[in-house]
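One letter stands for each residue in the lines below.
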Amino acid sequence: MKNSGYNTSQKEKLIDFLVSNKEKHTNVQEISAYLRAEGTPVGTATIYRQLDRLVESGTVRKFVIDGKTGACYQYIDNKSECREHFHLKCLCCGKLIHLNCGQLMDINNHIAEHHGFIVDSSQTVFYGRCAGCSEFSAEEAGE
């Protein structure tokens, strides 16, 4: 592969992958494996550069979980509704749930009014187990 930059075909395949996986967070390793399987292997540095551009344009959201693991990405297509709610992330199946909840927005407003802190709900993710995984876990335990 030439060092001429990120070609259009690779960019399109990257965006196709992100769009088809927009309900979950994905990482560079998953993207790289997909591109390799599609016959367009791309170096991780190139993928990171393209993701950074998509984050800057507002097409992709970047989630940094902690300082030890790599960042995760989600396609949001610059839609404002994804910036106005919280998210739930299942630690079992990886499902990302968009949560529109008045009670959480009340907490958000309380924090702003009483503590002078503006929470970025688009970056706020609650981690746990989704209903499907909780149900499966209970069945396995014989409950």
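Right above here is the structure, for reference.
Definitions and limits used
- Residues numbered from 1 in each chain as written.
- Predicted model: local features only at pLDDT ≥ 70, side-chain atom pairs only at ≥ 80, totals over all residues.
- Heavy atoms only, no water.
- Helix = DSSP H or I, 4+ residues; strand = E, 2+ residues; numbered from the N terminus.
- Buried < 20%, exposed > 50% of the residue type's maximum accessible area, 1.4 Å probe, protein only.
- Polar contact = N/O pair within 3.5 Å; in protein donor to acceptor, adjacent residues only side chain to side chain.
- Expected span 1.5 Å × (residues − 1).
- Arc of directions from axis to C-beta.
- Contact = heavy atoms within 4.5 Å.

**Q** Sorry, what's going on with the environment of Thr 26 here?
**A** Residue position: Thr 26 is located in the loop between α1 (8–20) and α2 (28–37). On the basis of relative accessible area, Thr 26 is assigned to the buried category, the value being 2%. Counting along the chain gives 68 residues from Thr 26 to Gly 94, while the straight-line C-alpha distance between them is 9.2 Å. Among the polar contacts made by the side chain of Thr 26, one reaches the side chain of Glu 30 at a distance of 2.6 Å.

**Q** Before we go on, may I ask you to explain α1 in this structure?
**A** Each turn of an α-helix holds 3.6 residues, which means side chains three or four residues apart point in the same direction. With 13 residues, α1 ought to run about 18 Å at 1.5 Å a step, and its terminal C-alpha atoms sit 18 Å apart, in line with that. Of all the residues in α1, the buried ones are Gln 10, Leu 14, Phe 17 and Leu 18. Buried residues of α1 fall within an arc of 95 degrees about the axis and therefore sit on the same side. Along α1, the residues that are exposed and aim more than 90 degrees away from the buried face are Thr 8 and Ser 20. Summarising the contacts, the buried residues of α1 are in contact with α2, α3 (44–57), β1 (60–63) and β2 (72–75).

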